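Coordinate inspection notes
Single-letter residue listing:
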Amino acid sequence: MFADNMKKQMAVHGITQSELAKMTGIGRSSISQYLSGKNEPTDERKIVIAEAIGCQVSDLDATETTSFPVNTDSKMKRLSVDQAARLLGMNHETVRKGLRQGVFPWGYAIHTSEGRWSYFINAKKFAEIEGLANG
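The notes below deal with the structure included here. If you're wondering where the values come from, they're calculated on a predicted model, not measured in any experiment.

Bringing the sheet that holds strand β3 (residues 116-122) into the picture now. The 3 strands lie next to each other as β1-β3-β2, forming an open sheet whose pairing is antiparallel. Among the strands making up the open sheet, the edge pair consists of β1 (78-79) and β2 (107-113). Here β1 pairs with β3 via 2 bridges, running antiparallel. Within β3, the residue paired with L79 across the bridge is I121. Contacting β2 and β3, helix α2 (residues 17-24) crosses the sheet at an angle of about 120 degrees to β2.

The subject of this paragraph is the environment of F126. When you line up the elements, F126 lands in helix α8 (residues 123-130). Put simply, F126 and P105 are 21 residues apart on the chain and 8.1 Å apart in space, counted from C-alpha to C-alpha.

Counting across every chain of the model gives 3 aromatic pairs. Judged by centre distance (4.8 Å) and plane angle (70 degrees), the rings of W106 and F126 are edge-to-face. Here F126 lies in helix α8 and W106 lies in the loop between α7 (92-101) and β2, a separation of 20 residues in the sequence. A relative accessible area of 2% places F126 in the buried class. Ring geometry for Y108 against F120: centres 5.0 Å apart, planes inclined by 25 degrees, an arrangement best described as stacked. Taken together, the residues Y108 in strand β2 and F120 in strand β3 connect sequence positions 12 residues apart. In terms of burial, Y108 and F120 fall into one category: buried. One aromatic cluster is present, built from ring pairs that chain together F104, W106 and F126.

Right, let's get into the pairing of β2. Of the strand pairs in this sheet, β2 and β3 are connected by 6 bridges, and their pairing is antiparallel. The residue bridging S113 from the neighbouring strand is R116, located in β3. Between the end of β2 and the start of β3, which pair antiparallel, lie 2 residues, with G115 showing a positive phi angle near 75 degrees.

Now for the nonpolar core. Residues M6, L20, I31, I49, I53 and L60 are the most contacted members of the largest nonpolar core, which totals 20 residues. For this core, the secondary structure elements donating two or more residues are α1 (2-13), α2, α3 (28-36), α4 (43-53) and β2. With 4 residues, the single largest contributor to this core is α4. Sequence-distant contacts of I31, that is, excluding residues within four places in its chain, are made with M6, Q17, L20, A21, T24 and I26. Ranked by size, the runner-up nonpolar core spans 12 residues in total, among them L79, L99, F104 and W106.

Definitions and cut-offs
Residues numbered from 1 in each chain as written. Predicted model: local features only at pLDDT ≥ 70, side-chain atom pairs only at ≥ 80, totals over all residues. Heavy atoms only, no water. Pairing = 2+ DSSP bridges. Helix = DSSP H or I, 4+ residues; strand = E, 2+ residues; numbered from the N terminus. Contact = heavy atoms within 4.5 Å. Axes fitted to C-alpha atoms, helices over the stretch in contact; angles between N-to-C directions. Phe/Tyr/Trp six-rings, centres within 6.5 Å; stacked < 30°, edge-to-face > 60°. Buried < 20%, exposed > 50% of the residue type's maximum accessible area, 1.4 Å probe, protein only. Core = buried A, V, L, I, M, F, W, Y, C linked by side-chain atoms within 4.5 Å.

Next up, the structure:
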């Protein structure tokens, strides 16, 4: 069940195997084995995976695969770097640098190629942590 739940949660939140590996520091081959059901992660790794995906560990361990909806409306809501910078009163380059360095608990950056980065900011976590209304 873990493998099926992990696949569904990744689909719900729009996260690929490669992105999950980069976000968690877990090797792509291990992620692949978890998704195929060949191996199951330790409890510690389940916590890391759930946090990266943006779900609860119980969503991954659920015995009923219907315990959460799978549809495009439930994808993680994201903020742009510029939106986050405006809300924080910071320069957008400062926010980008912080995301690359992993200092913000509500987002992350993935190095996609030479000199290129993709930035992900979870709007819900941002609002909760920064004490702002989610909008």
